[in-house]
Amino acid sequence: MSKFKIIKRESIEKIIKHKDAVKVISEKVTLTKRGKSLIGLCPFHDEKIGSFFFRPEHGHYHCFSCGEAGNVIGFTMKVKGIGFTDAIKYLAKRFKIKLLKEE
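Structure report, in brief. (Residues numbered from 1 in each chain as written. Predicted model: local features only at pLDDT ≥ 70, side-chain atom pairs only at ≥ 80, totals over all residues. Heavy atoms only, no water.)

1. Description of the overall build of the chain
Broken down by element type, the chain carries four helices and five strands. Secondary structure elements in the chain, listed N-terminal to C-terminal, are α-α-β-β-β-β-β-α-α. Dimensions of the chain, computed from the C-alpha atoms along their principal axes, are close to 50 × 25 × 20 Å. Taking all 103 residues of the chain together, the buried fraction comes to 35%. Intrachain contacts of the chain at a sequence separation of at least 6 include 41% that bridge at least 24 residues. (Helix = DSSP H or I, 4+ residues; strand = E, 2+ residues; numbered from the N terminus. Buried < 20%, exposed > 50% of the residue type's maximum accessible area, 1.4 Å probe, protein only. Contact = heavy atoms within 4.5 Å.)

2. Side note on the packing of helix H3 (residues 72–80) against helix H4 (residues 84–95)
Geometrically, a packed helix pair is captured by the angle between its two axes and the distance between the axes. Relative to each other, H3 and H4 sit at 110°, their axes nearing to 9 Å. In this view, H3 runs roughly perpendicular relative to H4, as classed from their interaxial angle. Across from Val72, Ile73, Thr76, Met77 and Lys80 in H3, the residues of H4 making contact are Phe84, Ala87, Ile88, Tyr90 and Leu91. Residues that form the contact of H3 with H4 fall into these classes: eight nonpolar, one polar and one charged. (Axes fitted to C-alpha atoms, helices over the stretch in contact; angles between N-to-C directions. Parallel < 35°, antiparallel > 145°, perpendicular 65-115°, else oblique. Nonpolar A, V, L, I, M, F, W, Y, C, P; charged D, E, K, R; others polar.)

3. What to know about the pairing of strand S2 (residues 37–40)
Because side chains alternate across S2, one face comprises the buried residues Ser37 and Ile39, and the other comprises Leu38 and Gly40, equally buried. For strand S1 (residues 32–34) and S2, the ladder comprises three bridges, and the chain directions are antiparallel. Bridging across to S2, arginine 34 finds its partner in serine 37. The hairpin turn running from S1 into S2, its antiparallel successor, is two residues long, and glycine 35 in that turn takes a positive phi close to 65°. Note that S2 and strand S3 (residues 52–55) share three bridges and pair antiparallel. By the bridge assignment, leucine 38 is partnered in S3 with phenylalanine 54. (Pairing = 2+ DSSP bridges.)

4. With respect to the nonpolar core
Among the nonpolar cores identified, the biggest contains 24 residues, and Ile15, Phe52 and Ile73 are the most heavily contacted of them. Of all the secondary-structure elements, those providing two or more residues to this core are helix H1 (9–16), helix H2 (21–26), S3, strand S4 (60–63), H3 and H4. (Core = buried A, V, L, I, M, F, W, Y, C linked by side-chain atoms within 4.5 Å.)

5. Observations concerning the packing of aromatic side chains
Working definition: an aromatic ring pair is given by the centre-to-centre distance plus the angle between the planes. Applying the stated criterion across every chain yields a total of six aromatic pairs. Geometrically, the ring pair formed by phenylalanine 52 and tyrosine 61 is stacked, given 5.3 Å between the ring centres and 20° between the ring planes. In this pair, the class of phenylalanine 52 matches that of tyrosine 61, namely buried. Ring geometry for tyrosine 61 and phenylalanine 75: centres 5.6 Å apart, planes at 80°, overall edge-to-face. Placement of the pair is tyrosine 61 in strand S4 and phenylalanine 75 in helix H3, with a sequence separation of 14 residues. Accessibility expressed as a relative area gives 3% for tyrosine 61, which makes it buried. (Phe/Tyr/Trp six-rings, centres within 6.5 Å; stacked < 30°, edge-to-face > 60°.)

Read these as spatial facts, not as claims about activity.
Dropping the structure here:
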């Protein structure tokens, strides 16, 4: 019997679409509203034009210069240098989301 429990997709989706995901991204990227997107300078490469786009309603980001893309979980993993599970636990605690696990 495995000692690991799988975190339910429902919990992961709550983290990805949480309203405070913008705050997490904003700690590394100065974001400016443009239409439905928030744009800024990509933190993953050196740039001057602002090709980093974040769509809060979808919870996803994409840099049109370097191609880096993902959600707040992947962003946290990359910025903090941590794994998937640690990023989920960090964000769940920060967003005050109870992680539901598969039985």
